[in-house]
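Summary of the model geometry
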Amino acid sequence: MSAAPLNQPLAALPDAAGPTDVPLHVGLIMDGNRRWAKARGLPRALGHKAGVDAVRRTVQASADAGIGWLTLFAFSSENWQRSADEVRDLTGLLRIYLRREVGALAKNGVRLRVIGDRERFGPETASAIAAAEAATRDNSRLNLTVALSYGARAEIAQAAKAVAAEVAAGRLDLSAIDEAALGRHLSTVGMPDPDLIIRTSGEQRLSNFLLWQAAYAEFVFLDVLWPDFDATHLDQALGEYRRRVRRFGAGSG
Ligand code: IPE
Ligand code: IPE
Ligand code: MG
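Residues numbered from 1 in each chain as written. Chains lettered and ligands numbered in written order. Predicted model: local features only at pLDDT ≥ 70, side-chain atom pairs only at ≥ 80, totals over all residues. Heavy atoms only, no water.

This part covers the overall build of the chain. Of regular secondary structure, the chain possesses 7 helices and 6 strands. Traced from its N-terminal end to its C-terminal end, the chain shows the element sequence β-α-α-β-α-β-α-β-α-α-β-β-α. The C-alpha radius of gyration computed for the chain amounts to 18 Å, which stays within 12% of the reference 18 Å derived for 253 residues, consistent with globular compactness. The principal-axis extents of the C-alpha atoms in the chain amount to approximately 60 × 45 × 35 Å. Looking at the chain as a whole, 50% of its 253 residues are labelled buried. (Helix = DSSP H or I, 4+ residues; strand = E, 2+ residues; numbered from the N terminus. Rg over C-alpha atoms; globule rule 2.2 N^0.38 Å. Buried < 20%, exposed > 50% of the residue type's maximum accessible area, 1.4 Å probe, protein only.)

Okay, structure coming up:
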């Protein structure tokens, strides 16, 4: 089974591709933190905190499995609608993660990128994100992308606006607008499309995650709540992926 076709220029070819039955790029919708806390009679914030522990485990397990690209959906553009208290808990955890984890990521060969509207977290967090990206930019064992204040529709609208600006400025001919022209303005430019998207918590939807890039992704929905996710669940999803036949519209596979 081959990786998904690329619709964008590959600026950084992954050098940790692994065997062909391992997806090159895994997207993960990390869902179920609040249900996990509720089931234990714990405050919601502890569910989110346990979710961060699961992130740590998953980054390690993904690198061990030979996955080259891992994209984690951590906070959607719609998640700002949650209560001020919860948003404060989540943004606080983000700042702690950036402070505590970057050293380990850098040491373990992980390159961190953030997609989404980082400015919305404030200048301090935005510059901590930039610093973390800079500190890990030479790494290539695992390309870890964290989607923060990310929404795919906004991303596509912004790319359309950028393409329109190129046309208006006379730098691009109207007839030259194609998938690649739009893809160049997506936040995922240079990344391969996801081969596999995993969502935890039993929900079966994308919730505005990588709508463009997921055109030919395989989907695996797991009943586990995100804070309980570990290497065995990742293995389960990878096993399911191996059994899929990908056709990309080209007939029998
Ligand atoms: C995922 O868990 C974390 C975020 C979306 C920020 P939730 O907070 O959505 O928890 P559930 O899905 O309500 O249990
Ligand atoms: C999706 O989870 C977003 C993240 C995992 C960050 P949500 O909990 O926000 O999605 P819905 O509301 O169930 O669709
Ligand atoms: Mg949820």
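Turning next to the sheet that holds strand 1 (residues 25-29). If you trace the 6 strands from one edge of the open sheet to the other, you get 3-4-2-1-5-6, paired in parallel fashion. In this open sheet, the two strands that pair with only one neighbour each are strand 3 (110-115) and strand 6 (218-221). Here the average twist between neighbouring strands, direction ignored, is 20°. Taken together, the 4 bridges between strand 5 (residues 196-199) and strand 6 define a ladder with parallel strand orientation. (Pairing = 2+ DSSP bridges. Axes fitted to C-alpha atoms, helices over the stretch in contact; angles between N-to-C directions.)

So, on to the site of ligand 2. Lining the immediate surroundings of ligand 2 are I29, M30, D31, F73, A74, F75, S76, N79, R82, R199, R205 and S207. At 3.1 Å, a side-chain N or O of D31 approaches an oxygen atom of ligand 2. Residue S207 places a side-chain N or O atom 2.6 Å away from an oxygen atom belonging to ligand 2. When each cavity is represented as a set of grid points, ligand 2 is found to reside in the largest pocket. Looking at the shell around ligand 2 element by element, the count peaks at 4 residues for strand 2 (residues 69-76). When the residues that make up the shell around ligand 2 are grouped by side-chain class, the tally is 5 nonpolar, 3 polar and 4 charged. (Near = heavy atom within 4 Å. Polar contact = N/O pair within 3.5 Å; in protein donor to acceptor, adjacent residues only side chain to side chain. 1 Å grid on protein atoms, 1.4 Å probe; cavity = no way out; pocket = protein on both sides within 12 Å on 5 of 7 lines; lining within 4 Å. Sits in = over half its atoms within 2 Å of the grid points. Nonpolar A, V, L, I, M, F, W, Y, C, P; charged D, E, K, R; others polar.)

With that settled, consider the UniProt feature "binding site: Mg(2+)" (unreviewed entry) in the chain. UniProt records the feature "binding site: Mg(2+)" (unreviewed entry) for D31 and E218 in the present numbering. Among the annotated residues just listed, those that line the largest pocket are D31. Judged by its relative accessible area of 16%, D31 is buried. When near neighbours in sequence (up to four residues on either side) are disregarded, D31 contacts R199, T200, S201, E203, L225 and W226. Among the structural elements, E218 can be located in strand 6. (UniProt positions renumbered as here; feature names shortened; annotations may be inferred. Contact = heavy atoms within 4.5 Å.)

In the region of ligand 1, the neighbouring residues are M30, D31, G32, N33, R34, R35, H48, A74, N79, R82, E86 and L90. For ligand 1, an oxygen atom lies 2.7 Å from a polar atom in the side chain of D31. Side-chain polar atom of R35 to an oxygen atom of ligand 1: 2.7 Å apart, as the coordinates give it. In isolation ligand 1 has 380 Å² of accessible area, and contact with the protein removes 89% of it. Given that more than half its atoms are within 2 Å of the pocket grid, ligand 1 belongs to the largest pocket. Ranked by residues supplied to the shell around ligand 1, first place goes to helix 1 (residues 33-39) with 3 residues. Considering only residue class, the shell around ligand 1 consists of 3 nonpolar, 4 polar and 5 charged. (Areas by Shrake-Rupley, 256 points an atom, 1.4 Å probe, with all protein chains shown as cover.)

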